[in-house]
Every structure is written in structure tokens, then in C-alpha cells.
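The residues making up each chain are set out below.
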Amino acid sequence: MSWYLAVPSALLAVLLAAAGTAALRSGWVPPWQRRHVHRTALFGRALLVLAVAFAIQACGPLLDDPGTDSAIGVVKLLVMLGGFVLIVVSQRPHTDR
């Protein structure tokens, strides 16, 4: 993995960690998500899980072994999918259903 992918991943991990911490501590949700999020604590945990996934992705250039790199990639993908599932669960269902 190149550094031009690692640096934005690290910045995104920091931003997601800050937003997740804010959602857990004070119930703050970004303005574009306020209509949809029903459980703010679960949404905050989901953002923290996504922050961990992007932090794992940012550590990718430190690995030189291809076998370890692919194993870390699978772990990163599973953690990211888990974060997305938590985000979906934290949102309200549509009112037309």
C-alpha cells in the first residue's frame, strides 16, 4: 500500500474517532445524519469501530510481508463491515414501511 492511501486513512480515522467520541459523550450526531439516527450510542460505537478499521488501513505501509498484509486486509474488511452493520442498525426504519 502506498503512503498516499495511508495518510488520508489516518486522518479519516482521527475524524471518525472524534465524531464517535462526541456521539457517545454528548449525543452529538453530524447534521446530515440527525434525521436518520435513532440510537446515538450505537452510532458512536459504530464510528469508533470504523475508526479502528481505518487505523488498521493506515498501518498497512509498515508491513513488508505479503502474507501478513493480506491477513490484515481481511481483518480490516471484516471490521469495516461490522461498523457499517452497526450504522444500519442504529438508524430508524423508513416511515413508509
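Below, the structure is looked at part by part. Just so you know, these numbers come straight off a predicted model, no measurement behind them.

Describing the overall build of the protein
Then, in step 1: Summing up its helical and strand segments, the protein has three helices and zero strands in all.
Then, in step 2: When the elements of the protein are put in sequence order from the N terminus, they spell out α-α-α.
Then, in step 3: With the C-alpha coordinates of the protein rotated into their principal frame, the extents come out at 50 × 25 × 20 Å.
Then, in step 4: With 97 residues in all, the protein has 30% of them scored as buried.
Then, in step 5: The long-range share in the protein, meaning contacts at least 24 apart out of those at least 6 apart in sequence, stands at 71%.
Then, in step 6: On the protein, roughly 6400 Å² of surface is accessible, and the fraction owed to carbon and sulfur atoms is 68%.
Then, in step 7: Looking at charge distribution, the protein has the averaged site of its 8 positive side-chain charges lying 25 Å from that of its 4 negative ones.

Examining a nonpolar patch on the surface
Then, in step 1: Together, V74, L77, L78, L81 and F84 make up a nonpolar patch on the protein surface, roughly 490 Å² of accessible area in all.
Then, in step 2: Along the chain, L78 falls in helix α3 (residues 66-90).

Focus: the nonpolar core
Then, in step 1: L16, F43, L47, L50, F54, M80 and I87 are the most contacted members of the largest nonpolar core, which totals 14 residues.
Then, in step 2: Elements that contribute at least two residues to this core include exactly α1 (3-26), α2 (40-58) and α3.
Then, in step 3: Broken down by element, this core gets its largest block of residues, seven residues, from α2.

Overview of the packing of α1 against α2
Then, in step 1: The geometry of α1 relative to α2 is characterised by a closest axis approach of 7 Å and an angle of 160° between their N-to-C directions. Classified by the interaxial angle, the pair formed by α1 and α2 is roughly antiparallel. The hand of the α1/α2 crossing is left-handed. Contacts between α1 and α2 pair A6, S9, A10, L12, A13, L16, A17, A19, G20, T21, A23 and L24 from the former with T40, A41, G44, R45, L47, L48, L50, A51, F54, A55, Q57 and A58 from the latter.
Then, in step 2: Considered class by class, the residues forming the contact of α1 with α2 number 17 nonpolar, six polar and one charged.

Quick notes on the environment of S9
Then, in step 1: Within the secondary structure, S9 is located in helix α1.
Then, in step 2: Considering only alpha carbons, one finds S9 and A51, 42 residues apart in sequence, at a separation of 9.0 Å.
Then, in step 3: The residues touching S9, leaving out its near neighbours within four places in the chain, are F54, Q57 and A58.

Observations concerning the packing of α2 against α3
Then, in step 1: Interaxial distance between α2 and α3 falls to 8 Å at its minimum, and their mutual angle equals 160°. As judged from the angle between their axes, α2 and α3 are roughly antiparallel. Crossing angle aside, the handedness with which α2 passes α3 is left-handed. Together, L42, F43, A46, L47, V49, L50, A53, F54, I56 and Q57 of α2 and I72, V75, K76, V79, M80, G83, F84, L86, I87, V89 and S90 of α3 make up the contact between the two elements.
Then, in step 2: Its residues assigned to classes, the contact of α2 with α3 comprises 17 nonpolar, three polar and one charged.

What counts and how
Residues numbered from 1 in each chain as written. Predicted model: local features only at pLDDT ≥ 70, side-chain atom pairs only at ≥ 80, totals over all residues. Heavy atoms only, no water. Helix = DSSP H or I, 4+ residues; strand = E, 2+ residues; numbered from the N terminus. Buried < 20%, exposed > 50% of the residue type's maximum accessible area, 1.4 Å probe, protein only. Contact = heavy atoms within 4.5 Å. Areas by Shrake-Rupley, 256 points an atom, 1.4 Å probe, with all protein chains shown as cover. Lys, Arg positive; Asp, Glu negative; His and termini not counted. Charge placed at Lys NZ, Arg CZ, Asp CG, Glu CD. Patch = residues over 30% accessible without salt bridge, like charges linked within 9 Å, V, L, I, M, F, W, Y side chains within 5 Å. Salt bridge = Lys/Arg side-chain N within 4 Å of Asp/Glu carboxyl O. Core = buried A, V, L, I, M, F, W, Y, C linked by side-chain atoms within 4.5 Å. Axes fitted to C-alpha atoms, helices over the stretch in contact; angles between N-to-C directions. Parallel < 35°, antiparallel > 145°, perpendicular 65-115°, else oblique. Left-handed = near helix turned anticlockwise from the far one by under 90°. Nonpolar A, V, L, I, M, F, W, Y, C, P; charged D, E, K, R; others polar.

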